[in-house]
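Chain residues, written in single-letter form:
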Amino acid sequence: MGRITLGSLFDGIGVFPLAARRHGIVPLWASEIEKAPISITRRHFPDMEHLGDITKLDGGNIPAVHVLTFGSPCQNLSQIGNRTGLAGVKSSLFFHAIRIIKEMRDATDGLFPVITVWENVMGSLSSNDRLDYAAVLGAFTDADIPIPPSGGWANAGMVRGRGPDLAWRLLDAQYWARPRLARRQRIFVVADFGGRRAHQILFKPRPMLQVSPAGGKGGVPTSGHDRGPVIETGGRVPIVRPFQLFRMRGAANDRYHVQFRDSFGFATDPFPTLLAGTVYPFAFWYEDDPAGGCVRFPTELESERLMGLPDGWTRYGAEGEEISSGQRYRALGNSIALPCADYIMAGIKEVLDPDISQRSAHP
């Protein structure tokens, strides 16, 4: 059986390559410009080539791959961003990825890439009066895609025609692993240029891999231990809740004592989204000592766990240097949750394996 290969644009800290490797897909190259994420990724993938700035790449001159992933910058699409949409300086880089896909397919007579995956924030569904998402779908299909009669985009859907088979789905990371992860709602668009299998990749139920505990210095797996939600238990039962800062402020202003206490969170409250520029606090106490609790910020290790990443994934760079806390928080805030990427890579492996075994031409 031939190998399935992957290229990762806007790679960040290598979560798509990590998910690919966990499913037997070989990461060949990545494109990223920030130094700390590149160093982190080099440590974990020493054989993966780094191609640099996406704006300077020609898709016809880089190694062709079966799978091409890209989480283009979300700053102009996010609901907490400036909402300039795909016209924004950062988010407009999306079109460079589309250019590279077309260049690669032209150079390989339409063979590669076979599957592409785009990831972005939930706000991409609504930015620019919902026209930006129509532009995203149109860029993949090279066709005009109208906004649905309802006036908005559903959280899941398909586009099927003469172009690539297209499916999208909103995935919230908090529901995709145990213990529960941070709330992280992301749109994933799968484009299948080789068949009509996008729905199988994105909608088919399948077993999930366990979150890996690997990630010690130099990539050496850590010993098995309790990967509890946040704190090592030490035999005591910890209670961890997202701290509802806005709820507390409102209750304090109105002198609502019950609501003020409720600010320390319910068991059903999701952990807030990790952001590149902001770290949210949480409430922590032991079951036998509720009065001894505290409110504090998650550590870098806890943030990795809330993303489903291996312990210490962002701690060291390629030369064994320690990555600063600020750079780790920023990298994690810009990243994707591993279980969601795992699910998609599992689907890609399922649909591509039969094709790869019968095809003699490989990139």
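Everything that follows concerns the structure shown earlier in this document.
Residues numbered from 1 in each chain as written. Predicted model: local features only at pLDDT ≥ 70, side-chain atom pairs only at ≥ 80, totals over all residues. Heavy atoms only, no water.

Colleague: Describe the pairing of strand β9 (residues 238–242), listing the residues and the values that go with them.
Modeller: Counted residue by residue, β9 has 4 buried out of 5 residues, so it is predominantly covered. Across 5 bridges, β9 lies against strand β10 (residues 282–286) in antiparallel orientation. Its bridge partner being in β10, proline 242 is matched across the sheet by phenylalanine 282. (Buried < 20%, exposed > 50% of the residue type's maximum accessible area, 1.4 Å probe, protein only. Helix = DSSP H or I, 4+ residues; strand = E, 2+ residues; numbered from the N terminus. Pairing = 2+ DSSP bridges.)

Colleague: Break down the packing of aromatic side chains for me, citing the residues and quoting the values.
Modeller: Applying the stated criterion across every chain yields a total of 11 aromatic pairs. Considering the side-chain rings of phenylalanine 94 and tryptophan 118, the 5.5 Å spacing of their centres and the 70° angle between planes classify their relative orientation as edge-to-face. Linking phenylalanine 94 in helix α3 (residues 94–107) with tryptophan 118 in strand β5 (residues 115–121), this pair joins segments that are 24 residues apart in sequence. Residues phenylalanine 94 and tryptophan 118 agree in their burial class; the two are buried. A centroid spacing of 5.5 Å and a plane angle of 75° characterise the contact between tyrosine 133 and tryptophan 168, whose relative ring orientation is edge-to-face. With a gap of 35 residues between them, tyrosine 133 in helix α4 (residues 131–141) and tryptophan 168 in strand β7 (residues 165–172) connect regions that are remote in the sequence. Members of the aromatic cluster, connected to one another through ring pairs, are Phe70, Phe94, Phe95, Trp118 and Phe140. (Phe/Tyr/Trp six-rings, centres within 6.5 Å; stacked < 30°, edge-to-face > 60°.)

Colleague: Summarise the nonpolar core; cite the residues concerned and give the values.
Modeller: With 83 residues, the main nonpolar core has Leu9, Phe70, Tyr133, Phe140, Ile344 and Ile348 as its most contacted residues. It is helix α10 (residues 338–358) that contributes the most residues to this core, 9 residues altogether. Excluding its chain neighbours within four sequence positions, the residues that come into contact with isoleucine 344 are Val117, Leu171, Phe188, Val190, Ile201 and Leu202. (Core = buried A, V, L, I, M, F, W, Y, C linked by side-chain atoms within 4.5 Å. Contact = heavy atoms within 4.5 Å.)

Colleague: Talk me through unusual backbone geometry; I want residue IDs and the actual numbers.
Modeller: With an omega of -5°, the peptide bond between phenylalanine 112 and proline 113 qualifies as cis. Even without glycine at this site, asparagine 128 takes up a positive phi of about 55°. A positive phi angle, near 75°, is found at arginine 130, a position not held by glycine. Tracing the chain through its elements places arginine 130 in the loop between β5 and α4. A relative accessible area of 33% places arginine 130 in the partly exposed class.

Colleague: Pulling in residues and values, what's your account of the sheet that holds strand β11 (residues 289–296)?
Modeller: Within a sheet, each strand pairs with its neighbour through backbone hydrogen bonds, oriented either parallel or antiparallel. Spatially, the 3 strands line up as an open sheet ordered β9-β10-β11, and their pairing is antiparallel. What marks the edges here is a single partner per strand, and that holds for β9 and β11. Each strand axis lies, on average, 20° off the axis of its neighbour in the sheet, ignoring direction. (Axes fitted to C-alpha atoms, helices over the stretch in contact; angles between N-to-C directions.)

Colleague: Give me the packing of α3 against α4: which residues, what numbers.
Modeller: Between α3 and α4, the shortest axis-to-axis distance is 10 Å and the interhelical angle comes to 15°. Accordingly, the angle class assigned to the pair α3 and α4 is roughly parallel. By crossing handedness, the relation of α3 to α4 is classed as right-handed. Contacts between α3 and α4 involve Phe94, Phe95, Ile98, Ile101 and Lys102 from the first element and Val136, Ala139 and Phe140 from the second. (Parallel < 35°, antiparallel > 145°, perpendicular 65-115°, else oblique. Left-handed = near helix turned anticlockwise from the far one by under 90°.)

Colleague: Break down the pairing of β11 for me, with residues and values.
Modeller: Two strands pair when backbone bridges link them, and β10 and β11 are joined in this way by 4 bridges, in the antiparallel orientation. Across the sheet, the residue bridging to phenylalanine 282 is arginine 296, located in β11. Once β10 ends, the chain turns through 2 residues before running back antiparallel as β11.

Colleague: Before we move on, can you summarise helix α1 (residues 15–22) with the specific residues and values?
Modeller: In terms of burial, α1 is largely enclosed, as 6 of its 8 residues are buried. All of the buried residues in α1 are Val15, Phe16, Pro17, Leu18, Ala19 and Ala20. At the exit of α1 stands glycine 24, carrying a positive phi of roughly 80°.

It is worth stressing that arrangement in space is one thing and function is another; only the former is reported here.
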